[in-house]
Amino acid sequence: MADETDAAPPQPPLAVASAVPPEAAASEEVLTVVDVPPPVTEKEVSPPQPPPPLEEVVAVVESEKKVPQNLVSFKEESNRLVDLSESERKALEELKQSVEEALRNGVFNSQPQPPPPPPQSAEKPPEKIEEASAKTEPNPVAESEISTQEETAKDENGKTTPNPTIESILKHESPAKEEVSIWGVPLLKDERSDVILLKFLRAREFKVKEAFAMLKNTIFWRKEFGIDALVDADLGEHLEKVVFMHGFDREGHPVCYNVYGEFQNKELYQKTFSDEEKRMKFLRWRIQFLERSIRKLDFTPGGVNTIVQVNDLKNSPGPGKWELRQATRQAVQILQDNYPEFVAKQVFINVPWWYLAFYMVINPFLTQRTKSKFVFASPAKSPGTLFKYISPEQVPIQYGGLSVDYCDCNPDFSVSDPVTEITVKPATKQTVEILVLEQCIIVWEVRVVGWEVSYGAEFIPDAKDEYTVIIQKATKMAPTDDPVVSNSFKIKDLGKIVIAIDNPTSKKKKLLYRFKVKPYSN
């Protein structure tokens, strides 16, 4: 996960940038352009209907090729107690009481029992409870004390019962309650625990019994899967291009990128999915990656404790890959059972037609809450869709942004340097002016997503007896050219840098640029 914050620093005082549209350039008026992304347009979602046959769905998708939209965009609920409704606060208190009792009685340390066969005597459940309590007791007392208490129970009651044994053991325990942590947060120790419990409540629509059952099953599963040891295990780095964290969205959520097209590499695919053992190793790696990411979240009320998932489906293996389907089904089942409410948004980019057909089939079975987190974008609209939720300086270069890992090849800019976005209309020329107020060195980056435009830059001095300096001769930029152009210019005299983008196409283009002022030196 990236360590940089997305806070934009104040504009440097040595230079001021402005965008000059064509009509303004003729009158020499400088207008500042503020690009406001249009609201997400969404289609009305019809009530759930039985899904049509797959053949009909494929025919419709191939003819229309429309990206599905949702009527309501998901908005995260507050985790602050003052913002909860009365019924939600009541449900939280009831769940906390259930957890408190479970901690006191060592329920979470008990091993889950397999379902018993239908014929079963009435005395077996107490025996199992007694065995589980004795095995999983957090602070066992001396054997002599336990045996004495058991004998006393037999003398007084005529037979051994589990409750006196448990109560006598708990009476000698210090402290009285076991400690259970989940995602690094100890239950009922501080306000972070409330945030964890609210996730389980929301996943079960604030039904307390169901939320408690889910929490208990999750704790059992984490022990069985060995999560605490898995977090620190070395499982290799051969999948680091398949799933990776990069930057934050506009609301501060960390962003996880899932690049399914990497599995077109046959060697990687076979190494990951060819047999059950390899699929299980992939599953463990994916769970480890998620656990490490979750433990960096802020579970205090008001903190960011969810993740934005970006799913890149470009060149993704189709539905015919059985091994990938099996691994995906296993992962989805584990995630929905044991990781409630950790996704703020699911953004699908470079969506192919076959995925739209698949989505139309499963759509009636998804809850409105789940569907409200989904955003779909075709290949042509993927960069613009990402920019609605993630600032361009936070979006990786391969997805249309300007973000790269800080290295010697890009020492001048990082995710903390804000990017200006401008929409260049079809068949127009867009000019950006950087006004220079004193001697300095100007460094800038320019990108037009998909290029197909001409780019040029020049310095125009204020003094009338000075000549204009051509920094970058107007050059046609093809989609295959470098996605980002960087320039710098040492300025001795006052004037302005003029960046010109000529868009001869019939399509709108997204212009991204940023600049930085450095001290002048000889």
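Residues numbered from 1 in each chain as written. Predicted model: local features only at pLDDT ≥ 70, side-chain atom pairs only at ≥ 80, totals over all residues. Heavy atoms only, no water.

### Considerations on the sheet that holds strand β5 (residues 254-259)
Step number 1: Strand order in this open sheet of 5 strands is β4-β5-β6-β7-β8, and the pairing throughout is mixed. Two strands bound the open sheet, and with one partner strand each, they are β4 (243-248) and β8 (374-376). Sheet twist, expressed as the average angle between the axes of neighbouring strands with direction ignored, equals 20°.
Step number 2: Relative to β5, β4 runs antiparallel, the two being bridged by 4 bridges. (Pairing = 2+ DSSP bridges. Helix = DSSP H or I, 4+ residues; strand = E, 2+ residues; numbered from the N terminus. Axes fitted to C-alpha atoms, helices over the stretch in contact; angles between N-to-C directions.)

### Considerations on the packing of aromatic side chains
Step number 1: Inspection of the entire model under this criterion finds 21 aromatic pairs.
Step number 2: With a centroid separation of 6.0 Å and 80° between ring planes, the pair formed by Trp 221 and Tyr 339 is classed as edge-to-face. Here Trp 221, found in helix α8 (residues 208-225), pairs with Tyr 339, found in the loop between α12 (322-338) and β7 (343-349); they are 118 residues apart in sequence, far enough to count as distant.
Step number 3: Exposure remark for Trp 221: the relative accessible area of 13% places this residue in the buried category.
Step number 4: Considering the side-chain rings of Trp 354 and Tyr 355, the 5.9 Å spacing of their centres and the 70° angle between planes classify their relative orientation as edge-to-face.
Step number 5: Judged by relative accessible area, Trp 354 falls into the partly exposed class, the value being 22%.
Step number 6: Among the aromatic residues, ring-to-ring pairing joins Trp 183, Phe 200, Trp 221, Phe 225, Phe 299, Tyr 339 and Phe 342 into one connected group.
Step number 7: The ring of Phe 225 has Arg 284 lying over it, and the distance from NZ or CZ to the ring centre is 5.8 Å.
Step number 8: Here the guanidinium or amino end of Lys 321 rests over the ring plane of Tyr 269, the centre of that ring lying 4.9 Å away. (Phe/Tyr/Trp six-rings, centres within 6.5 Å; stacked < 30°, edge-to-face > 60°. Buried < 20%, exposed > 50% of the residue type's maximum accessible area, 1.4 Å probe, protein only. Lys NZ or Arg CZ within 6 Å of the ring centre and 35° of its normal.)

### Observations concerning helix α7 (residues 191-203)
Step number 1: Here α7 is 13 residues long and its end C-alpha atoms lie 19 Å apart, about the 18 Å a rise of 1.5 Å per residue gives.
Step number 2: Across the 13 residues of α7, 10 count as buried, placing the element largely inside the fold.
Step number 3: Every buried residue belonging to α7 is among Ser 193, Asp 194, Val 195, Ile 196, Leu 197, Leu 198, Lys 199, Phe 200, Leu 201 and Arg 202, and all of these are buried.
Step number 4: Close packing links the buried residues of α7 with α3 (86-104), β2 (181-182), β3 (185-186), α8 and α14 (368-371).
Step number 5: Of the residues one or two after α7, Glu 205 is the one with positive phi, at around 55°. (Expected span 1.5 Å × (residues − 1). Contact = heavy atoms within 4.5 Å.)

### Considering the pattern of salt bridges
Step number 1: Summed over all chains, the structure comprises 22 salt bridges.
Step number 2: A salt bridge links Lys 96 to Asp 194, with the nearest nitrogen and oxygen atoms 3.4 Å apart. Here Lys 96, found in helix α3, pairs with Asp 194, found in helix α7; they are 98 residues apart in sequence, far enough to count as distant.
Step number 3: Classification of Lys 96 by relative accessible area gives partly exposed; the value is 22%.
Step number 4: Of the charged contacts, one joins Lys 509 and Glu 452 as a salt bridge, the two residues approaching to 2.9 Å between their closest N and O atoms. (Salt bridge = Lys/Arg side-chain N within 4 Å of Asp/Glu carboxyl O.)

### Section: the nonpolar core
Step number 1: Among the nonpolar cores identified, the biggest contains 56 residues, and Val 99, Phe 108, Trp 183, Phe 263, Ile 287, Phe 299 and Tyr 339 are the most heavily contacted of them.
Step number 2: Elements with a minimum of two residues in this core: α3, α7, α8, α9 (227-231), β4, α10 (266-273), α11 (276-294) and α12.
Step number 3: Considering each element in turn, this core owes the most residues, 8 residues, to α8.
Step number 4: Residues Ile 442, Ile 491, Tyr 513 and Phe 515 belong to the second largest nonpolar core, which totals 26 residues. (Core = buried A, V, L, I, M, F, W, Y, C linked by side-chain atoms within 4.5 Å.)

### Concerning the sheet that holds strand β16 (residues 509-519)
Step number 1: The strand order across the open sheet built from 4 strands is β9-β16-β11-β14, with neighbouring strands paired in antiparallel fashion. Each of the sheet's edge strands pairs with one partner strand only, and the pair in question is β9 (420-424) and β14 (485-491). Each adjacent strand pair in this sheet contributes to an overall mean axis angle of 25°, direction not counted.

### A short note on the packing of α7 against α8
Step number 1: For the pair α7 and α8, the least separation of the axes is 8 Å and the interaxial angle reads 120°. In terms of orientation, α7 and α8 fall into the oblique class. For the crossing formed where α7 meets α8, the hand is right-handed. Contact with α7, carried on its side by Leu 197, Phe 200, Leu 201 and Ala 203, involves Val 208, Ala 211, Met 214, Leu 215 and Thr 218 of α8 and no other residues of that element.
Step number 2: Residue composition of the contact of α7 with α8, grouped by class: 8 nonpolar, 1 polar and no charged. (Parallel < 35°, antiparallel > 145°, perpendicular 65-115°, else oblique. Left-handed = near helix turned anticlockwise from the far one by under 90°. Nonpolar A, V, L, I, M, F, W, Y, C, P; charged D, E, K, R; others polar.)

### Observations concerning the side chain of Asp 312
Step number 1: With respect to the helices and strands, Asp 312 occurs in strand β6 (residues 307-312).
Step number 2: Although Asp 312 is buried, it forms no salt bridge, and the closest oppositely charged side chain is Lys 314 at an N-O distance of 7.0 Å.
Step number 3: A polar contact of 3.1 Å, which involves the side chain of Asp 312, links it to the backbone nitrogen of Lys 314.
Step number 4: Of note is the side chain of Asp 312, whose polar atom sits 2.8 Å from the side chain of Asn 350. (Lys, Arg positive; Asp, Glu negative; His and termini not counted. Polar contact = N/O pair within 3.5 Å; in protein donor to acceptor, adjacent residues only side chain to side chain.)

### Some thoughts on the environment of Cys 440
Step number 1: Here Cys 440 lies in strand β11 (residues 440-448).
Step number 2: As for Cys 440 and Val 517, which are separated by 77 residues in sequence, their C-alpha atoms are 6.6 Å apart.

### Let's talk about the packing of α11 against α12
Step number 1: Look at α11 against α12: their axes get within 10 Å of each other, and the N-to-C directions meet at 40°. One finds that α11 runs oblique with respect to α12. The way α11 lies across α12 gives a crossing that is right-handed. Packed against α11, whose contacting residues are Glu 276, Arg 279, Met 280, Phe 282, Leu 283, Ile 287 and Leu 290, the element α12 presents Trp 322, Glu 323, Gln 326, Ala 327, Gln 330, Ala 331, Ile 334 and Leu 335 at the interface.
Step number 2: By residue class, the composition of the contact of α11 with α12 is 10 nonpolar, 2 polar and 3 charged.

### Remarks on unusual backbone geometry
Step number 1: Although it is not a glycine, Glu 205 sits at a positive phi angle of roughly 55°.
Step number 2: Structurally, Glu 205 is set in the loop between α7 and α8.
Step number 3: Of note in the backbone geometry, Ala 427 takes a positive phi value of approximately 55° without being a glycine.
Step number 4: By the element assignment, Ala 427 lies in the loop between β9 and β10 (428-436).

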